[in-house]
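# Results of the structural survey
Spelled out from the first residue to the last, the chains are:
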Amino acid sequence: MNDVLTTILKGLRLLWAQTHWTLIAWMRQREIAGLRKRLHEEYLQVGKTAHTTWKAGSSLDLSSGEVALALRQVDFLLDEIRHLEDALAEEKQRFFQEKGLNVPPQSE
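Residues numbered from 1 in each chain as written. Predicted model: local features only at pLDDT ≥ 70, side-chain atom pairs only at ≥ 80, totals over all residues. Heavy atoms only, no water.

### So, the overall build of the protein chain
- The secondary structure content of the protein chain amounts to 2 helices and 0 strands.
- Compactness check: the protein chain gives a C-alpha radius of gyration of 23 Å against a globular reference of 13 Å for 108 residues, more than 25% above the reference.
- Scored against the burial criterion, the 108 residues of the protein chain give a buried share of 20%.
- Accessible area for the protein chain stands at about 8400 Å²; split by element, carbon and sulfur atoms hold 58% of it.
- Taking the average place of the 14 positive charges on the side chains of the protein chain and the average place of its 15 negative ones, the gap between the two points comes to 5 Å. (Helix = DSSP H or I, 4+ residues; strand = E, 2+ residues; numbered from the N terminus. Rg over C-alpha atoms; globule rule 2.2 N^0.38 Å. Buried < 20%, exposed > 50% of the residue type's maximum accessible area, 1.4 Å probe, protein only. Areas by Shrake-Rupley, 256 points an atom, 1.4 Å probe, with all protein chains shown as cover. Lys, Arg positive; Asp, Glu negative; His and termini not counted. Charge placed at Lys NZ, Arg CZ, Asp CG, Glu CD.)

Right, dumping it as structure tokens:
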């Protein structure tokens with residue numbers, strides 16, 4: 001009887017940990033999705049500016065103005081997304097190790 005109770009408690013602990021982790025991961029993924037949306041908008045800004053410049057017959061100066069600002073923002077957003085994804089993976093590992101559980105496989 002004691003073994004059955006221990007197994008049930010471990011199962012409930014695993015279920016709670018997985019549910020807790022799912023909520024944490026969902027919130028982090030929402031943050032990453034927001035950054036990806038902003039990244040897309042910056043790419044659009046670069047494209048619009050390049051197109052407008054091309055239509056005017058001018059050459060595109062990547063070192064100044066709106067294009068340079070958008071390109072710096074793109075770099076920042078790419079770095080931030082990469083950082084958050086890495087941090088999420090590390091946090092998952094740490095979360096389950098602290099609970100004494102095996103880390104579930106990565107689901108994409």
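### Some thoughts on the pattern of salt bridges
- Across all of its chains, the model carries 3 salt bridges by this definition.
- Glu-91 serves as the salt-bridge partner of Arg-28, at 3.2 Å between the closest nitrogen and oxygen. Of the two residues, Arg-28 sits in helix α1 (residues 2-55) while Glu-91 sits in helix α2 (residues 65-98), which places them 63 residues apart along the sequence.
- Assessed through its relative accessible area of 31%, Arg-28 is described here as partly exposed.
- A salt bridge links Glu-85 to Arg-36; the shortest N-O distance between them is 2.4 Å. You can see Glu-85 sitting in helix α2 and its partner Arg-36 sitting in helix α1, a full 49 residues away along the chain.
- By relative accessible area, which is 32% here, Glu-85 ends up partly exposed.
- By relative accessible area, Arg-36 is classed as partly exposed at 43%. (Salt bridge = Lys/Arg side-chain N within 4 Å of Asp/Glu carboxyl O.)

### Describing the nonpolar core
- Listed in full, the 8 residues of the largest apolar core are Ala-17, Trp-21, Ile-24, Ala-25, Leu-88, Phe-95, Phe-96 and Leu-101.
- Of all elements in the fold, only α1 and α2 reach the threshold of two or more residues within this core.
- Of all the elements, α1 adds the most residues to this core, at 4 residues.
- Among residues more than four places away in sequence, those in contact with Leu-88 are Trp-21, Ala-25, Arg-28 and Gln-29.
- Counting 7 residues, the second-largest nonpolar core is a separate cluster that includes Ile-32, Leu-35, Leu-39 and Ile-81. (Core = buried A, V, L, I, M, F, W, Y, C linked by side-chain atoms within 4.5 Å. Contact = heavy atoms within 4.5 Å.)

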